[in-house]
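Chain and residue survey
For reference, the chains in residue letters:
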Amino acid sequence: MKQVVISGSGLFTPPHSISNEALVESFNAYVDMFNLENAGLIEQGHVEPLSYSSSEFIEKASGIKHRYVMVKDGILDPEIMMPLIPERSSDQLSMQAEIGVEAAVMALKQADVKAEQIDLVIVACAYTQRAYPAMAIEIQRALGTRGYGYDMQVACSSATFAIVAAANAIATGSASRVLVINPEICSAQVNYRDRDSHFIFGDVATAMVLEEQSLVAANKGFNIVSSRCFTDYSNNIRSNFGFLNRCDPSSAHQADKLFHQQGRKVFKELLPMIYQHLDEHLAEQSLTPQSFKRLWLHQANINMNQFVVKKLLGDEVTPEQAPVVLDEYANTASAGSVIAFHKYSTDFNAGDLGLLSSFGAGYSIGSVILQKR
């Protein structure tokens, strides 16, 4: 089997930002409107009044302070509360392809690889804005890559699962250089009227270049030492949006078509799976958590991350060992761990180990052990 190297990464940050304070002001204005409009039913006990949100609540619950979005218009309007994204014509580059291209160009530059040298493009993300043509094929045309491309969705583990798929394609000879792109426009799937989730997501795009080792300059990039994927079905993190929704007009626009979760159940059920998954993966490679210079973890919730890190490394963990980016970017679905890798991997020396890991809906867990060349 051929050795596979991650030789470059890219990060596109959207142009608009929203603070917790701005989001809370909008949400609380909506709460006032709802409670006033339903005052009679609330007084009769037929409708539950809505409660205010707060920046303190958001930060304590998630660690999130801020998020970036592609389109800000509409999100903070209490009568709209969604991004107003105009539909583009079929001959225009789609928004998701546009941001994917931005991240890919940066990754190609870092890898010192030309687009025409790429022979596989994998777009992996929590949501794609259409069923077909595949976003990967649209990006393939926009960049001028050769070979083939496809989309894949494994929710928040899409990036790590795609890295594994890309590495397997290279290892078996069906590709020599692969672009893995994670264009996440999560703001369109947020229920901004739900106190428990109105703050969770932001938009971003990340990309990685993977190459067969003989094509990469000495000492450049990270060898993929080992990878492991796991899934186990659960309803506790869910979005029911899909093409069949239009076939039942009575429920087509209900709240379950947006992101929703049972957070306490997720915390209770997923954490033990993560521990077991990582324990088994490290044991396979005769490694311990202390073997790693850095953990680039999925950026969903600061409390979950802290539990995972403390389970692995104990209580005395420095920010350098497990960097956090969700305070600035919020939850960016599959892209979070790649953002952490992109921003916090330049100080590695030859031989240093790092662990890239994701976990989320499905349930799905992915882990990739990397070693600096």
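Note that the structure is predicted; figures quoted are calculated from it, not measured.

As for the overall build of the protein
On a plain count of helices and strands, the protein comes out with ten helices and 13 strands. Computed over the C-alpha atoms, the radius of gyration of the protein is 21 Å, within 12% of the 21 Å expected from 2.2 N^0.38 for a compact globule of 373 residues. Burial status across the protein gives 53% buried among its 373 residues. The long-range share in the protein, meaning contacts at least 24 apart out of those at least 6 apart in sequence, stands at 79%. For the protein, the exposed area adds up to about 17,000 Å²; of that, 51% sits on carbon and sulfur atoms. Positive and negative side-chain charges of the protein, numbering 29 and 40 respectively, have mean locations separated by a distance of 6 Å.

Side note on the environment of V204
Within the secondary structure, V204 is located in strand β7 (residues 203-212). Judged by its relative accessible area of 0%, V204 falls in the buried class. Residues V204 and G366 lie 162 residues apart in sequence; the distance between their C-alpha atoms is 20 Å. Setting aside chain neighbours within four positions, we find V204 in contact with L11, F12, P14, I99, N182, P183, E184, Y329, T332, A335 and I339.

Things to note about the UniProt feature "domain: Beta-ketoacyl-[acyl-carrier-protein] synthase III N-terminal" (unreviewed entry) in the protein
According to UniProt, the "domain: Beta-ketoacyl-[acyl-carrier-protein] synthase III N-terminal" (unreviewed entry) feature falls on residues 150-232. Between the first and last C-alpha atoms of residues 150-232 the distance is 24 Å; the span itself is 17% helix and 39% strand.

A look at the pairing of strand β1 (residues 4-12)
Burial of β1 is extensive: nine of the nine residues sit out of reach of the surface. With eight bridges connecting them, β1 and β7 associate as antiparallel partners. Along β7, the bridge assignment pairs G10 with A207. Across two bridges, β1 lies against strand β8 (residues 222-231) in antiparallel orientation. Bridging across to β8, V5 finds its partner in N223.

Focus: the packing of aromatic side chains
Each aromatic ring pair is described using two quantities: the centre-to-centre distance and the angle formed by the ring planes. This structure, assessed with the given rule, holds ten aromatic pairs. Judged by centre distance (6.2 Å) and plane angle (45°), the ring pair of Y30 and F34 falls under tilted. Here Y30 pairs with F34, and both are found in helix α1 (residues 20-37), just four residues apart, close to one helical turn. For Y30, a relative accessible area of 14% corresponds to the buried category. With 5.1 Å between their ring centres and 90° between their planes, F267 and F307 make a pair best called edge-to-face. Of this pair, F267 sits in helix α7 (residues 263-284) while F307 sits in helix α8 (residues 302-313), and the two are 40 residues apart along the sequence. For F267, a relative accessible area of 27% corresponds to the partly exposed category. Taken together, the ring pairs in this structure connect F222, W296, F341 and F348 into an aromatic cluster. Sitting above the plane of the F57 ring, R195 keeps its charged end 4.0 Å from the centroid.

Description of the side chain of N191
Its place among the elements puts N191 in the loop between β6 (177-185) and β7. We classify N191 as buried; its relative accessible area is 15%. A distance of 3.0 Å separates a polar atom in the side chain of N191 from the backbone nitrogen of R193. Ignoring anything within four residues of it in the chain, the contact list for N191 reads S197, H198, A255 and L258.

Description of α1
Along its 18 residues, α1 runs 26 Å from first to last C-alpha, staying within 8% of the 26 Å computed at 1.5 Å per residue. Of the positions making up α1, those classed as buried are N20, L23, V24, S26, F27, N28, Y30, V31 and N35. The inward-facing, buried residues of α1 abut β2 (16-19), α2 (39-44), α3 (55-62) and β3 (66-69).

Here we look at the packing of α7 against α8
With their axes 11 Å apart at the nearest point, α7 and α8 run at an angle of 35° to one another. The crossing of α7 and α8 is right-handed. Residues V266, F267, L271, I274, Y275 and L278 of α7 form the contact with α8, whose participating residues are N303, M304, F307, V308, K311 and L312. Of the residues belonging to the contact of α7 with α8, the class tally is ten nonpolar, one polar and one charged.

Digging into the UniProt feature "domain: Beta-ketoacyl-[acyl-carrier-protein] synthase III C-terminal" (unreviewed entry) in the protein
Under the UniProt annotation, the feature "domain: Beta-ketoacyl-[acyl-carrier-protein] synthase III C-terminal" (unreviewed entry) is placed at residues 282-371. End C-alpha atoms of residues 282-371 are separated by 14 Å, and the span's content is 30% helix alongside 24% strand.

Re the pattern of salt bridges
Across all of its chains, the model carries nine salt bridges by this definition. A salt bridge links E138 to R130; the shortest N-O distance between them is 2.8 Å. A residue is classified by how much of its surface remains accessible, and E138, at 9% relative accessible area, is buried. Accessibility expressed as a relative area gives 24% for R130, which makes it partly exposed. Residues R228 and E280 are paired through a salt bridge, measuring 2.6 Å at the closest nitrogen-oxygen approach. With a gap of 52 residues between them, R228 in strand β8 and E280 in helix α7 connect regions that are remote in the sequence. Of the residues examined, E280 reaches a relative accessible area of 32% and is grouped as partly exposed. Taken together, the shared-partner salt bridges connect R228, E280 and E284 into one network.

Calculation rules
- Residues numbered from 1 in each chain as written.
- Predicted model: local features only at pLDDT ≥ 70, side-chain atom pairs only at ≥ 80, totals over all residues.
- Heavy atoms only, no water.
- Helix = DSSP H or I, 4+ residues; strand = E, 2+ residues; numbered from the N terminus.
- Rg over C-alpha atoms; globule rule 2.2 N^0.38 Å.
- Buried < 20%, exposed > 50% of the residue type's maximum accessible area, 1.4 Å probe, protein only.
- Contact = heavy atoms within 4.5 Å.
- Areas by Shrake-Rupley, 256 points an atom, 1.4 Å probe, with all protein chains shown as cover.
- Lys, Arg positive; Asp, Glu negative; His and termini not counted.
- Charge placed at Lys NZ, Arg CZ, Asp CG, Glu CD.
- UniProt positions renumbered as here; feature names shortened; annotations may be inferred.
- Pairing = 2+ DSSP bridges.
- Phe/Tyr/Trp six-rings, centres within 6.5 Å; stacked < 30°, edge-to-face > 60°.
- Lys NZ or Arg CZ within 6 Å of the ring centre and 35° of its normal.
- Polar contact = N/O pair within 3.5 Å; in protein donor to acceptor, adjacent residues only side chain to side chain.
- Expected span 1.5 Å × (residues − 1).
- Axes fitted to C-alpha atoms, helices over the stretch in contact; angles between N-to-C directions.
- Left-handed = near helix turned anticlockwise from the far one by under 90°.
- Nonpolar A, V, L, I, M, F, W, Y, C, P; charged D, E, K, R; others polar.
- Salt bridge = Lys/Arg side-chain N within 4 Å of Asp/Glu carboxyl O.

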